[in-house]
Amino acid sequence: MTAPGDLLQALFLRLKSDASLSALLGGAGLLEQATDNAAFPYVTCGQTSAFDWNTGADNNDDQLVTLHVWSKAHGDDETLAIMNAIKARLADAALVIGPRGETRLSLEFTEARYDEDLLVHHGLLRFRALTQESA
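Keep in mind the model is a prediction, meaning the values are calculated, not measured.

Enquirer: Which residues make up the overall build of the protein, and what values do they have?
Expert: Across its full length, the protein holds three helices and six strands. Beginning at the N terminus, the succession of helices and strands in the protein can be written as α-α-β-β-β-α-β-β-β. Taken across its 135 residues, the protein has 41% of its residues classed as buried. Put simply, 57% of the contacts in the protein that link residues at least 6 apart link residues at least 24 apart.

Enquirer: Could you give me a rundown of the nonpolar core, with the residues and numbers involved?
Expert: If you look at the biggest cluster of nonpolar residues, it comprises 25 residues, and the most contacted ones within it are Val 43, Leu 67, Ile 86 and Leu 90. Among the secondary structure elements, those contributing two or more residues to this core are helix H1 (4-16), helix H2 (19-25), strand E2 (42-50), strand E3 (62-71), helix H3 (77-90) and strand E6 (120-133). When sequence neighbours within four positions are dropped, the list of residues in contact with Leu 67 reads Phe 12, Leu 15, Val 43, Thr 44, Cys 45, Ile 86, Leu 90, Gly 123, Leu 124, Leu 125 and Phe 127.

Enquirer: Would you mind going over the pattern of salt bridges in detail, with residue names and values included?
Expert: The tally for this structure, following the rule as stated, stands at four salt bridges. Arg 128 is the salt-bridge partner of Asp 62, the closest N and O atoms lying 2.9 Å from each other. Taken as a pair, Asp 62 in strand E3 and Arg 128 in strand E6 lie far apart in primary sequence, 66 residues in all. A salt bridge links Glu 108 to Arg 128, with the shortest nitrogen-to-oxygen separation between them at 3.4 Å. With Glu 108 in strand E5 (residues 101-115) and Arg 128 in strand E6, this residue pair connects regions lying 20 residues apart in the sequence. Owing to a relative accessible area of 42%, Glu 108 belongs among the partly exposed residues under this scheme. A network of salt bridges, in which partner residues are shared, links Asp 62, Glu 108 and Arg 128.

Enquirer: Can you break down the pairing of E3 residue by residue, with the values?
Expert: Regular strands place side chains that alternate from one sheet face to the opposite one. In terms of burial, E3 is a largely internal element, 10 of the 10 residues being buried. By the alternation rule, side chains of E3 split into Asp 62, Leu 64, Thr 66, His 68 and Trp 70 and Gln 63, Val 65, Leu 67, Val 69 and Ser 71, which are all buried.

Rules used in this analysis
- Residues numbered from 1 in each chain as written.
- Predicted model: local features only at pLDDT ≥ 70, side-chain atom pairs only at ≥ 80, totals over all residues.
- Heavy atoms only, no water.
- Helix = DSSP H or I, 4+ residues; strand = E, 2+ residues; numbered from the N terminus.
- Buried < 20%, exposed > 50% of the residue type's maximum accessible area, 1.4 Å probe, protein only.
- Contact = heavy atoms within 4.5 Å.
- Core = buried A, V, L, I, M, F, W, Y, C linked by side-chain atoms within 4.5 Å.
- Salt bridge = Lys/Arg side-chain N within 4 Å of Asp/Glu carboxyl O.

Have a look at this one:
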């Protein structure tokens, strides 16, 4: 079983090791949770769900992870560039998390929009993480 916290830690480590993404974010732009004084742009982790598609029960072998991109730049170019860097780094990636086996990531959903209430560009990326035990 791959715990959601272990998966998030592995995702963030993989993203932090990407120089092009770090350049787009200006350094410390990967946050588990945003603070009131977080510098834009930044990426946060949203909802993580672990479940069994057949039974609806908890199943940490099949998880959905949502990453949020936040930008105050004029236009959506910055948001889309950050989203593309994340997709390039994570889509179809294979992670080894603990002794169980390999966790494969697949991109399930993306969306970029302007949030008029918050006056920010908001990007969403949802990944499915499926862990298969080693033989």
